[in-house]
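Examining the three-dimensional arrangement
This is what each chain is made of:
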Amino acid sequence: MDKLEDDLTAFNLLGVSCIQGQIDANAFNQAWQQLIARRESLRTHFIEVETESGVQPRQVISQSSAFAINIVTKEELASPTAEQLTALENDNDFINFCAQLEHTDPTTAFGLYQRQLAQAHHQFSLDKAQPLINVSLVIVDESNSVLFTNMHHIVADGWSMQIMVTEIMKLY
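One structure accompanies this document, and this report is about it. (Residues numbered from 1 in each chain as written. Predicted model: local features only at pLDDT ≥ 70, side-chain atom pairs only at ≥ 80, totals over all residues. Heavy atoms only, no water.)

Glancing now at the packing of aromatic side chains. Taken as a whole, this structure holds 4 aromatic pairs when the rule is applied. Consider the rings of F28 and W32, whose centres lie 6.4 Å apart with planes at 80°: the pair is edge-to-face. Here the residue F28 and the residue W32 both occupy positions in helix α1 (residues 25-38), the gap between them amounting to 4 residues, near one helical turn. For the pair F28 and W32, one class covers both residues: buried. Arranged with centres 5.6 Å apart and planes meeting at 55°, the rings of F97 and Y113 form a pair that is tilted. Of the two residues, F97 is situated in helix α3 (residues 92-100) and Y113 in helix α4 (residues 106-120); the sequence distance between them amounts to 16 residues. Judged by relative accessible area, F97 falls into the buried class, the value being 2%. (Phe/Tyr/Trp six-rings, centres within 6.5 Å; stacked < 30°, edge-to-face > 60°. Helix = DSSP H or I, 4+ residues; strand = E, 2+ residues; numbered from the N terminus. Buried < 20%, exposed > 50% of the residue type's maximum accessible area, 1.4 Å probe, protein only.)

This structure, assessed with the given rule, holds 0 disulfides. The cysteine C18 is free of any disulfide, with C98 supplying the nearest cysteine sulfur at 11 Å. Residue class for C98 comes out partly exposed when judged on its relative accessible area of 23%. (Disulfide = S-S within 2.5 Å.)

Here we come to the sheet that holds strand β4 (residues 70-73). Pairing within the open sheet is mixed, and its 4 strands lie in the order β1-β6-β5-β4. Across the chains shown, the open sheet's two edge strands, defined by having one partner strand only, are β1 (12-20) and β4. Ignoring which end each strand starts from, the neighbouring axes of this sheet average 15° apart. (Pairing = 2+ DSSP bridges. Axes fitted to C-alpha atoms, helices over the stretch in contact; angles between N-to-C directions.)

Two numbers describe how α3 lies on α4: the axes approach to 10 Å, and their chain directions differ by 110°. It follows that α3 is roughly perpendicular to α4 by the angle criterion. In this structure, α3 contributes D93, F94, F97 and C98 to the contact, and α4 contributes A109, F110, L112, Y113 and Q116. A breakdown of the residues in the contact of α3 with α4 according to their chemical character gives 7 nonpolar, 1 polar and 1 charged. (Parallel < 35°, antiparallel > 145°, perpendicular 65-115°, else oblique. Contact = heavy atoms within 4.5 Å. Nonpolar A, V, L, I, M, F, W, Y, C, P; charged D, E, K, R; others polar.)

Listed below in structure tokens is the structure:
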């Protein structure tokens, strides 16, 4: 599929969740690792195999995966210039994004928005033995974090994402 599409981000499924309360980042990372160990689809990649009828894609399920969530602190987020903040004042995407965040200053909101844009532009390679999921946890302060998830649609859809969220909460 990624050989047929020019826009490799068209099949990305993005998620942003605000988490209130203190979070143990290491335990949260372990929960994600357990989820990936349990779900074959999250350890899947595809290879091309020569057959009598031509080259065909084949699913390969890795036995294990070196997966870790990206844990970031507020201080590591991008900081805006005054011009960038002014330019975003009328940006509906930024305004809608900020509406999801409670009690977040404009500088932090900008950094979080930039993180979301980076997630949106992440390109998955279906033919590489790597998870087709990307997870970042931004720790804003002691009691607020923002979780960014990005999965390729070939391994998840809206329905299965709800199952994964429930499973993560149980594992954590």
